[in-house]
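# Observations on the model geometry
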Amino acid sequence: MHGFYYICGMKETDILNSKAEGIRCKEKDMASSFDFTLSKRWISGIPYEVAFWRSFYRNRSARKALFSWSQYGKECELDDFDVASFIKKLKRDNPVIVDVGCALSYMFSNIIGGEEYKVTYLDPLAPYYNKILDDYSLHYPRITFGMGETLRLHFPGNSVSMIHIRNALDHSVRPIMVIWQALMCLHIGGVLYLNHKPNEAEHEAYVGFHQYNVDCRDGRLFIWNKDESIDIGETLLGYADVKASVTQGGRIVGVITKTAEIPEDHESVKESGMYASGMLETLLTYFHKTSNALSYQSRCGFFTIGHGFMRMLPGGIVRKIKQIISGKKAEI
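Quick summary incoming for the structure in this document.

## A word on the side chain of Asp-231
Secondary-structure assignment places Asp-231 in strand 10 (residues 229-231). Residue Asp-231 is classed as buried on the basis of its relative accessible area, which comes to 12%. Of the polar contacts made by the side chain of Asp-231, one reaches the backbone nitrogen of Glu-234; its length is 3.2 Å. Ignoring any residue separated from it by four or fewer positions in sequence, one finds Asp-231 in contact with Arg-220, Leu-221 and Phe-222.

Here's what the structure looks like:
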């Protein structure tokens, strides 16, 4: 039980006091820090995401195209950010670099400024992705299991130099919590680099992991969906410098530099443990229900066939189909 208290970021006396006050870690009491509905929706989106990547790796022409624009083994190039100069100025022998929510794109290179660095590729779907790599005997770095919302449980505070998140922050259950967790792990001067398609959830009709949008409004970075809109610069004021830009290709880039220490008693620290506990509870209750388990397996089959079929179609037709689906959901 002591280990459980530690993971939740709470002392045993805190638990005892909470019990004395009649506080219980039930869904209604955790509403401010954990959203069971969003978590269940995220879990139900796993089949879509896994099928997407399996269709890429199964199709040889698609896999060839993927590796042609994948950066692994090539010089690292990031939009609107000179990563080579940044790493050089750090003057650290072994800077800790993490690619969060990496999936199987390998869009963040291990070669920076002509030198090879160790990059930790982190993703909550690591077991699925590593199975895909094994199935096709590909010698790419294996993915480490981890969630953006619990980064502080994987890396000590002030230990990481750079965290890269591409097309993944908007796939998380709680994007703003991911950002806080990243800042907790970064040392002063460390950078959280974000690179995303604009408003992807809107374009993807809020299907699967696509539940949030990333946008740049008047030079400010925003994360939003139908329920909330968060100004990242305003939220991190006093702890980080936030720069947002739009590339020539229309992608949204956010460069968040940590400028001040975040107190150990910051709510993000305790929320990380509560999130891990909440996700475990969600998984247990979700799959214990027979209808959910059957629905999950049927979605696996449906999306595996669907993505495989879509992979054979021209890109223009695929985009048209998505637009039709998005339009129908908007009408609903």
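## Quick look at the pattern of salt bridges
Evaluated as defined, the whole model comprises six salt bridges. Note that Arg-54 is salt-bridged to Asp-135, the shortest N-O span being 2.9 Å. Taken together, the positions of Arg-54 in helix 4 (residues 46-58) and Asp-135 in helix 7 (residues 126-135) put the pair 81 residues apart, joining distant regions of the chain. Asp-135 sits in the partly exposed class, given a relative accessible area of 36%. Two residues, Asp-135 and Lys-131, come together in a salt bridge whose shortest N-O distance is 2.9 Å. Linking Asp-135 with Lys-131, this pair stays in helix 7, spanning four residues, or about one helical turn. It is possible to trace a salt-bridge network through shared partners that takes in Arg-54, Lys-131 and Asp-135.

## A word on the sheet that holds strand 1 (residues 97-100)
Spatial ordering of the open sheet is given by 5-4-1-6-7-12-11, a layout of seven strands whose pairing is mixed. In this open sheet, the two strands that pair with only one neighbour each are strand 5 (144-145) and strand 11 (240-246). Where strand 1 meets strand 6 (residues 160-166), four bridges bridge the pair, whose relative direction is parallel. Counterpart to Ile-97 in the pairing with strand 6 is Met-162. Against the sheet, helix 9 (residues 175-185) makes contact with strand 6, strand 7 (186-196), strand 11 and strand 12 (252-258), and its axis sits at roughly 145 degrees relative to strand 7, the strand it touches most.

## Here's the deal with the sheet that holds strand 8 (residues 213-217)
If you trace the three strands from one edge of the open sheet to the other, you get 8-9-10, paired in antiparallel fashion. The open sheet terminates on both sides in strands that have one partner only, identified here as strand 8 and strand 10. Each neighbouring strand pair of the sheet contributes to a mean axis angle of 25 degrees, computed without reference to strand direction. Relative to strand 10, strand 9 (residues 220-224) runs antiparallel, the two being bridged by three bridges. Note that in strand 10 the partner of Trp-224 across the bridge is Ser-229.

## A look at the packing of aromatic side chains
Scanning the entire structure with this criterion turns up 18 aromatic pairs. An angle of 75 degrees between the planes, with centres 5.4 Å apart, marks the rings of Phe-52 and Phe-56 as edge-to-face. Of this pair, Phe-52 and Phe-56 both sit in helix 4, four residues apart, which is roughly one turn of the helix. Judged by its relative accessible area of 25%, Phe-52 falls in the partly exposed class. A cation over an aromatic ring shows up here: Arg-217 above the ring of Phe-222, its NZ or CZ 4.5 Å from the ring centre.

What counts, and at which threshold
- Residues numbered from 1 in each chain as written.
- Predicted model: local features only at pLDDT ≥ 70, side-chain atom pairs only at ≥ 80, totals over all residues.
- Heavy atoms only, no water.
- Helix = DSSP H or I, 4+ residues; strand = E, 2+ residues; numbered from the N terminus.
- Buried < 20%, exposed > 50% of the residue type's maximum accessible area, 1.4 Å probe, protein only.
- Polar contact = N/O pair within 3.5 Å; in protein donor to acceptor, adjacent residues only side chain to side chain.
- Contact = heavy atoms within 4.5 Å.
- Salt bridge = Lys/Arg side-chain N within 4 Å of Asp/Glu carboxyl O.
- Pairing = 2+ DSSP bridges.
- Axes fitted to C-alpha atoms, helices over the stretch in contact; angles between N-to-C directions.
- Phe/Tyr/Trp six-rings, centres within 6.5 Å; stacked < 30°, edge-to-face > 60°.
- Lys NZ or Arg CZ within 6 Å of the ring centre and 35° of its normal.

In short, the description is geometric, and any link to function would need to be established separately.
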